Amino acid sequence: MKIAERHEKINQMIAVYKVLHEKYFPPGRSLTDEEWEKYIQSMETEAAKYRGSNLETLAGELCMCFLNDVERVHK
């Protein structure tokens with residue numbers, strides 16, 4: 001994979017994570033247990049798309065960054 005292709009895949013990955021993050025980021029309240037499960041499952045499903053690729057580690061780390069952001073803001 002060329003650098004430009006890698007960067008484009010990373011941009012696509014981040015775009016999907018951002019959409020999920022915005023969908024599940026609760027305005028002024030904590031997520032319910034059910035919402036957390038759906039959010040985690042959605043993010044893990046996206047990260048799984050990169051398993052076995054040279055972007056697997058980055059996908060997992062970005063997934064955790066977005067999940068941790070919601071957790072930190074609403075603790």
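Residues numbered from 1 in each chain as written. Predicted model: local features only at pLDDT ≥ 70, side-chain atom pairs only at ≥ 80, totals over all residues. Heavy atoms only, no water.

A.B. asks: Pulling in residues and values, what's your account of the pattern of salt bridges?
C.D. replies: By the definition in use, this model includes 3 salt bridges. Between Arg-29 and Glu-35 there is a salt bridge; the shortest N-O distance is 2.8 Å. We note a salt bridge from Lys-49 to Glu-46, for which the minimum N-O separation is 2.9 Å. Residue Lys-49 is classed as exposed on the basis of its relative accessible area, which comes to 59%. (Salt bridge = Lys/Arg side-chain N within 4 Å of Asp/Glu carboxyl O. Buried < 20%, exposed > 50% of the residue type's maximum accessible area, 1.4 Å probe, protein only.)

A.B. asks: Quick one: what's the story with the environment of Ala-47, residue by residue and with numbers?
C.D. replies: Relative to the helices and strands, Ala-47 resides in helix α2 (residues 33-48). Sequence separation of Ala-47 and Val-70 is 23 residues, and the distance between their C-alpha atoms is 17 Å. When neighbours within four sequence positions are excluded, Ala-47 is seen to be in contact with Tyr-17, Ala-59 and Cys-63. (Helix = DSSP H or I, 4+ residues; strand = E, 2+ residues; numbered from the N terminus. Contact = heavy atoms within 4.5 Å.)

A.B. asks: With reference to specific residues and values, describe the packing of helix α1 (residues 3-24) against α2.
C.D. replies: Put simply, α1 and α2 touch, their axes get as near as 10 Å, and they point 175 degrees apart. Here α1 is positioned roughly antiparallel relative to α2, judged by the angle of their axes. On the side of α1, the interface is formed by Val-16, Tyr-17, Leu-20, His-21 and Tyr-24, while α2 contributes Glu-35, Lys-38, Tyr-39, Ser-42, Met-43, Glu-46 and Ala-47. Classifying every residue of the contact of α1 with α2 by side-chain character gives 7 nonpolar, 2 polar and 3 charged. (Axes fitted to C-alpha atoms, helices over the stretch in contact; angles between N-to-C directions. Parallel < 35°, antiparallel > 145°, perpendicular 65-115°, else oblique. Nonpolar A, V, L, I, M, F, W, Y, C, P; charged D, E, K, R; others polar.)

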